[in-house]
Each structure stands twice: as C-alpha cells, then as structure tokens.
Amino acid sequence: MNLFDIIGPIMVGPSSSHTAGAVRIGLIARRLMGEPIHSVTLCLHGSFLATGKGHGTDRALVAGLLGMNPDDIRIPQSFDLAQQSGLDFHFSSVNLKDVHPNTVVLKMAGKSGRNLEIVASSIGGGRIQICQIDGLKVNFSGEMPTLIVHNIDQPGYVTEVTSVLGSKHINIATMQLYRDIRGGHAIMVIECDDEIPPIVIQWLEQMSGVLKVTYLSLNADEKASQ
C-alpha cells in the first residue's frame, strides 16, 4: 500500500471509483482508439448503472473520451463540450458476469471507420483495469505503453513480435497471452517501458496472420484530437 491508495487521486467529483476512475477509463479508451472518435455507445453495468448518475459517472466517462484528466474542472460540462466537438454518444445498460461492479462497455467508432470495443472497470482509488478488447480477455492498467496484437493462433508470432521490439531496444515490462480456442484467435498484451515507434506498429499490421494491432500510447491525445 502507498500514499496514493490512502488519500486517492487529485480529482473533480465525489468518488474516486465512480468519477476519477470513470474519467480514466474514457481517457484510456480514447488513447487505445488512436484516432478521433466519431461515435460511442457506453453500456453501464452494476454500480456504475445503479448509482453512477448521482456520482457523475456518465459525464466523467465522456470527459475522458474528450481527453480530460480526473482533475479537469470542465468535467461537469462534458456533455456540452462533446456536442460542440462532434462526438456522438449514447448510454445504455448491460448485465455482465464475473466483472467488477464498476464496469462499462465502450463501443467506439472512429472517423476512419475503425471500430473498437472495450470492457473496463474502475477498481478503486482512481485505478482502472482493461478487461476485454474486441471480445477477448485482457488485463492491463493503462499506465504503461501497451501493445495489443490480435493474430491467428499459430507458432512463431510471439517470437517475431518480441524480436522486432528487441531490435528497437524496447524493453518488455509484462507480457500476457490469451486465445479463444487452439488454432483460433489469439491475443498478445505487451506492456513496455518505452513508447513504440509508429514504424513498428505499421510493420506488425502488415505481418501475415496478424488480424489487428491496437496500441496504447501515453502520448496519443494530440493524435486523437486531429
């Protein structure tokens, strides 16, 4: 336990879980999208659904999608700011199994036509967990540059991806591997100490057998605004 766990984050709003964590979920979703978001449907689960409106969870999620941090004084005005920016947002409810009570499903469409679906939870003290991306289980916090590679479940992909990261002197902090069935759809989640150059992302996207590449850059907000 550290001091942050005791006093919580610097934030606008009444609840570190329902407000600060919700802002952070929106912000990480925006960074994962990596491009301007055209529209988003936010499906609230559990406590987010039951008490979120009173805590400002809805406005906090939209604020994060606009690039705000938990201490941004504009959070209460996020709906108006979203309309001004052209972000089309809608809320609905969802009943999920085996997830934290403070969970939301974000179904996003980018201006290029790219789609991304994220399941994320606010786990306390302003911290979050990304639980699913495009229907496959993951588990990361969004606090480090994170590479998510969707590929066919066949030998060789892990070696190729880690080799190219090593060639660029990018140190891997953690790595998780998931798949739906043997020989089916697999996913690598790689948290790194350093940002990954765009040329590496482009190379991975063109690699045979790679279905999709999603990259969480901690410097992505400027790109997502363009």
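Residues numbered from 1 in each chain as written. Predicted model: local features only at pLDDT ≥ 70, side-chain atom pairs only at ≥ 80, totals over all residues. Heavy atoms only, no water.

Please clarify how the nonpolar core should be interpreted in this entry.
A general feature of soluble globular proteins is that nonpolar side chains tend to end up buried together. Counting 39 residues, the largest nonpolar core has Leu 32, Val 40, Leu 65, Leu 106, Met 108, Ile 130 and Phe 140 as its most contacted members. Beyond its immediate sequence surroundings of up to four residues, Ile 130 is in contact with Ile 28, Ile 118, Val 119, Ala 120, Val 138, Asn 139 and Phe 140. Residues Val 149, Val 161, Cys 192 and Ile 201 belong to the second largest nonpolar core, which totals 18 residues. (Core = buried A, V, L, I, M, F, W, Y, C linked by side-chain atoms within 4.5 Å. Buried < 20%, exposed > 50% of the residue type's maximum accessible area, 1.4 Å probe, protein only. Contact = heavy atoms within 4.5 Å.)

Which parts of the structure should I look at to understand the sheet that holds strand β10 (residues 210-216)?
Adjacent strands of a sheet pair through backbone hydrogen bonds, lying either parallel or antiparallel. Pairing is antiparallel across the open sheet formed by four strands, whose spatial order is β8-β9-β7-β10. The open sheet has two edge strands, β8 (172-179) and β10, and neither has a second partner. Strand-to-strand twist of the sheet, defined as the mean angle between neighbouring strand axes without regard to direction, takes the value 15 degrees. Note that β8 and strand β9 (residues 185-192) share seven bridges and pair antiparallel. The partner of Ile 172 across the bridge, within β9, is Cys 192. Packed onto the sheet, helix α6 (residues 157-167) meets β7 (146-152), β8, β9 and β10 and runs at close to 25 degrees relative to β9. (Pairing = 2+ DSSP bridges. Helix = DSSP H or I, 4+ residues; strand = E, 2+ residues; numbered from the N terminus. Axes fitted to C-alpha atoms, helices over the stretch in contact; angles between N-to-C directions.)

Sorry, what's going on with the pattern of salt bridges here?
Close approach of charged atoms lets side chains of opposite charge pair. Applying the stated criterion to the full structure yields three salt bridges. The partner of Arg 74 in a salt bridge is Asp 72, and the shortest N-O contact between them spans 2.8 Å. Assessed through its relative accessible area of 15%, Asp 72 is described here as buried. Of the charged contacts in the structure, one is a salt bridge between Asp 153 and Arg 179, with a shortest N-O distance of 2.8 Å. With Asp 153 in the loop between β7 and α6 and Arg 179 in strand β8, this pair connects stretches of sequence that are 26 residues apart. (Salt bridge = Lys/Arg side-chain N within 4 Å of Asp/Glu carboxyl O.)

Could you clarify how one ought to interpret the environment of Leu 216 in this entry?
Within the secondary structure, Leu 216 sits in strand β10. Considering only alpha carbons, one finds Leu 216 and Ile 28, 188 residues apart in sequence, at a separation of 7.6 Å. Setting aside anything within four residues of it in sequence, one finds Leu 216 in contact with Ile 28, Arg 31, Leu 32, Phe 140, Gly 142, Met 144, Pro 145 and Thr 146.

I would appreciate a short explanation of the sheet that holds strand β2 (residues 88-93) in the present structure.
Ordered by their spatial adjacency, six strands build an open sheet running β2-β1-β3-β4-β5-β6, and the pairing between neighbours is mixed. Two strands lie at the open edges of the sheet, namely β2 and β6 (136-140), each paired on one side alone. Within the sheet, the average angular offset between the axes of one strand and its neighbour, ignoring direction, is 25 degrees. Examined bridge by bridge, strand β3 (residues 102-110) and strand β4 (residues 115-124) share seven bridges and lie antiparallel to one another. Each residue of the ladder has a partner; that of Lys 107, found in β4, is Glu 117.

Would you mind showing me how to read the packing of α6 against helix α7 (residues 198-205) here?
Two numbers describe a pair of packed helices, the interaxial angle and the distance between the axes. Interhelical geometry of α6 versus α7 gives an angle of 160 degrees and a closest axis separation of 11 Å. When the interaxial angle is binned, α6 and α7 end up roughly antiparallel. By crossing handedness, the relation of α6 to α7 is classed as right-handed. Touching Glu 160, Val 161, Val 164 and Leu 165 of α6 are Val 200, Trp 203 and Leu 204, all from α7. Per-class residue counts for the contact of α6 with α7 are six nonpolar, no polar and one charged. (Parallel < 35°, antiparallel > 145°, perpendicular 65-115°, else oblique. Left-handed = near helix turned anticlockwise from the far one by under 90°. Nonpolar A, V, L, I, M, F, W, Y, C, P; charged D, E, K, R; others polar.)

Quick question: what am I supposed to make of the environment of Lys 97 here?
Tracing the sequence through the fold places Lys 97 in the loop between β2 and β3. For the pair Lys 97 and Gly 46, spaced 51 residues apart in sequence, the C-alpha to C-alpha distance is 10.0 Å.

How should I be thinking about a nonpolar patch on the surface in this particular structure?
Taken together, the side chains of Val 158, Met 175 and Leu 177 make up a nonpolar region of the molecular surface, amounting to roughly 230 Å² of accessible area. Mapped onto the elements of the fold, Val 158 is located in helix α6. (Patch = residues over 30% accessible without salt bridge, like charges linked within 9 Å, V, L, I, M, F, W, Y side chains within 5 Å. Areas by Shrake-Rupley, 256 points an atom, 1.4 Å probe, with all protein chains shown as cover.)

Hey, could you run me through the packing of aromatic side chains in this one?
Two aromatic rings, taken as a pair, are described by how far apart their centres are and by the angle between their planes. What the rule picks out here adds up to three aromatic pairs. Ring centres of Phe 79 and Phe 89 lie 5.0 Å apart, and the angle between their planes is 40 degrees; this geometry places the pair in the tilted category. Of this pair, Phe 79 sits in helix α5 (residues 78-85) while Phe 89 sits in strand β2, and the two are ten residues apart along the sequence. Summarising the aromatic geometry, the rings of Phe 89 and Phe 91 are spaced 6.1 Å apart at their centres and angled 80 degrees between planes, so their arrangement reads as edge-to-face. When its relative accessible area of 31% is taken as the criterion, Phe 91 is described as partly exposed. (Phe/Tyr/Trp six-rings, centres within 6.5 Å; stacked < 30°, edge-to-face > 60°.)

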